[in-house]
Amino acid sequence: MANIKSAKKRIKVIARKTLRNKMIKSKTRTEIKKVFVATEAGDKAAATTALRNANKTIDKACSKGVLHKNNAARKKSRLTKMVNKMSA
């Protein structure tokens, strides 16, 4: 355990940031899962709406530094391909 005041503060700040990052990652995973569920069900309209929400969430996670920009781009690309492959 840290003895210096600034080190104790850093521990608190890191814990707060870790919690924030976990929340953002969890939200992102949930939105991605909604796209998978909609595509599995074969519902093109729901999949398109879920894709729009997932892309927005992924972009937010990327801008906050939770996801790397290439990782975010790859996720968005794969989800888009999956939705576009669906038959009307």
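Residues numbered from 1 in each chain as written. Predicted model: local features only at pLDDT ≥ 70, side-chain atom pairs only at ≥ 80, totals over all residues. Heavy atoms only, no water.

## Considerations on the side chain of Asn55
Here's step 1: Here Asn55 lies in helix H2 (residues 44-63).
Here's step 2: Each residue touching Asn55, except ones within four places of it in the same chain, is listed here: Lys76 and Thr80. (Helix = DSSP H or I, 4+ residues; strand = E, 2+ residues; numbered from the N terminus. Contact = heavy atoms within 4.5 Å.)

## Points about a positive patch on the surface
Here's step 1: Residues Lys8, Lys9, Arg10, Lys12, Arg16, Lys17, Arg20, Arg52, Lys56, Lys60 and Lys64 make up a contiguous surface patch of positive charge.
Here's step 2: Among the elements of the structure, helix H1 (5-41) and H2 are those that each provide at least two residues to the positive patch.
Here's step 3: Considering every element that reaches the positive patch, the biggest residue donor is H1, with seven residues.
Here's step 4: Within the fold, Lys56 resides in helix H2. (Patch = residues over 30% accessible without salt bridge, like charges linked within 9 Å, V, L, I, M, F, W, Y side chains within 5 Å. Areas by Shrake-Rupley, 256 points an atom, 1.4 Å probe, with all protein chains shown as cover. Salt bridge = Lys/Arg side-chain N within 4 Å of Asp/Glu carboxyl O. Lys, Arg positive; Asp, Glu negative; His and termini not counted. Charge placed at Lys NZ, Arg CZ, Asp CG, Glu CD.)

## What about the packing of H1 against helix H3 (residues 69-85)?
Here's step 1: Where H1 contacts H3, the axes come no closer than 10 Å and their chain directions differ by 15°. On the basis of the axis angle, H1 is roughly parallel to H3. Crossing handedness for the pair H1 and H3: left-handed. When H1 is examined against H3, the residues Ile32, Val35, Phe36 and Thr39 are found in contact with a partner set consisting of Lys75, Leu79, Met82 and Val83.
Here's step 2: Here the residues of the contact of H1 with H3 are counted per class, giving six nonpolar, one polar and one charged. (Axes fitted to C-alpha atoms, helices over the stretch in contact; angles between N-to-C directions. Parallel < 35°, antiparallel > 145°, perpendicular 65-115°, else oblique. Left-handed = near helix turned anticlockwise from the far one by under 90°. Nonpolar A, V, L, I, M, F, W, Y, C, P; charged D, E, K, R; others polar.)

None of this, on its own, says anything about what the molecule does.
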